[in-house]
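Reading the structure
Here's the letter readout for the chains.
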Amino acid sequence: MGKGRTLAQVYRHFGEVDVAGTSPLYERVAVALSESEVALRAIESAPARKRHPTVILAALHDLALAGRAPELAAAYAAGDGDAAVGAAIGTLVRRTDEVLAVAVRRTPRAGETGRCAVLHPAVAEAAHRVGADAIGLIDVGCSAGLNLNVGRVGVTYSNGQVLGDTSSPVRFSASVVGDRALPARAMPEVVTRVGVDVDPADVTDADDARWLRACLPPDQPERAAQLAAELALAATNPPTLLAGDAVEMLPEALARVPEGALPVVTTTWALSRLPLEDRLRFLHRLDDAATDRAVAWVSVEGVGVAPAVPTMGDRRASGHSIVGVAVFRHSVLHAEAVGRCWSRGRLLAWLSAGRLPEP
């Protein structure tokens, strides 16, 4: 698994490197699994792509949250590393079929929490540049569509700026680098919210919501509480979810945005999963949709990942991402890099006070 490493080495690396310092429980459990022959045999009975620690540990956590692995649930709740090790190995060995059934059925979910902090100023700026007073949000690679909460959450920045809904039950904070303030645009009325994903998670479905929680380590209660609040907010106005290939589903998603509203497509670290050919097809689909009306695209992607968005001379794999605002109008594309961000949007620098040329 991965660079010729054995399964035991993968689990040891996960514990000692990937989660070291962020999840003491998972550090202990992953290392213990790497040293347990019976546990490794159980994991090896899964399809190769479902053997990774992120999948197996989430599947174990899901069983615990569902009440189907009470010893593991108790150990996690108590933060007891020794008990968690014993219960995790015991659950894997005694309930291998149940663990693997969850692992095979489910897709690991990366934490979406906090991305609204970088999306809000960029989405509002895109709408402002087009002069739109109503928008339809389309999040590509949406997972559970929590990015579609943008405008419904409050964000406080380290420079004192506050954007979004200050009365929202969901609040984020983010740090601003540099002396340029974020554009303090109000979010226009959002008339529709559409999420596109190969395997979207429905926030109103108890099993889907539990899986999202299961993908977080059990010893991170603040993240779990934040996720619960985001899911509850999303469930009050659930997005439309379209399951399928991002490029193929894009025309249908754009068609869901009513006339008079600006479609704003957002991608946050979603295009890196696509080959260059598909990323270019994605760009062409946006261009095709802009023959009769403007279409905006807000991208938060690694350097050089989003086609047509300038890289400003930044190096690929430089550790930060570029925030892009692109507007397609009358088959003319205007794309600009408006910011940089780090730590999945928790740290950002705004770069641009640019304006679109007059049509």
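Before reading further, recall that the structure is shown in the block above.
All of the points below concern the structure found in this document. Along each chain, numbering runs from 1 in the same order as the chain's sequence is written. The predicted origin of the model limits local features to residues at a pLDDT of at least 70 and limits the giving and counting of side-chain atom pairs to 80 or more, whereas totals for whole chains, interfaces and linings rest on all residues. Where side-chain values are given, they derive from all heavy atoms of the structure, hydrogens and water being excluded.

Now for the overall build of the protein chain. Helix numbers and strand numbers start at the N terminus; a helix is a DSSP run of H or I with at least 4 residues, a strand a run of E with at least 2. A tally of helices and strands in the protein chain yields twelve helices and eleven strands. Atoms counted for the radius of gyration: C-alpha only. Globule rule: 2.2 Å times the number of residues to the power 0.38. For a compact globule of 359 residues, the expected C-alpha radius of gyration is about 21 Å, and the protein chain comes in at 21 Å, within 12% of that figure. Along the longest, intermediate and shortest principal axes, the C-alpha atoms of the protein chain span 65 × 40 × 40 Å. Here the term buried applies to any residue with accessible area under 20% of the maximum for its type, exposed to any over 50%, and partly exposed to those in between, with areas from a 1.4 Å probe on protein chains only. Within the protein chain, buried positions represent 54% of all 359 residues. Calculation of accessible area relied on Shrake-Rupley with a 1.4 Å probe; when residues are assessed, cover is drawn exclusively from the protein chains displayed. Accessible surface, the protein chain: about 15200 Å² in total, of which carbon and sulfur atoms supply 51%. His residues and chain termini do not enter the charge count, which takes Lys and Arg as positive and Asp and Glu as negative. Positions of charges follow a simple convention, taking NZ of Lys, CZ of Arg, CG of Asp or CD of Glu. Side-chain charges in the protein chain split into 37 positive and 41 negative, and the spacing between the mean points of these groups amounts to 3 Å.

Of all the nine residues making up strand β9 (residues 321-329), nine are buried; the element is thus mostly covered by neighbouring parts of the structure. Side chains Ser321, Val323, Val325, Val327 and Arg329 of β9 all project onto a buried face; the interleaved residues Ile322, Gly324, Ala326 and Phe328 project onto the opposite face, where all are buried too. Only when DSSP finds a minimum of two bridges between them are two strands counted as paired. Relative to β9, strand β8 (residues 295-302) is paired through eight bridges, and the arrangement is antiparallel. Within β9, the residue paired with tryptophan 297 across the bridge is alanine 326. Judged from the nine bridges that link them, β9 and strand β10 (residues 332-342) form a sheet pairing that is antiparallel. Looking at the pairing, arginine 329 lines up with valine 332 of β10. Connecting β9 to the antiparallel partner β10 that follows it, the hairpin turn spans two residues, and histidine 330 within it adopts a positive phi of roughly 55 degrees.

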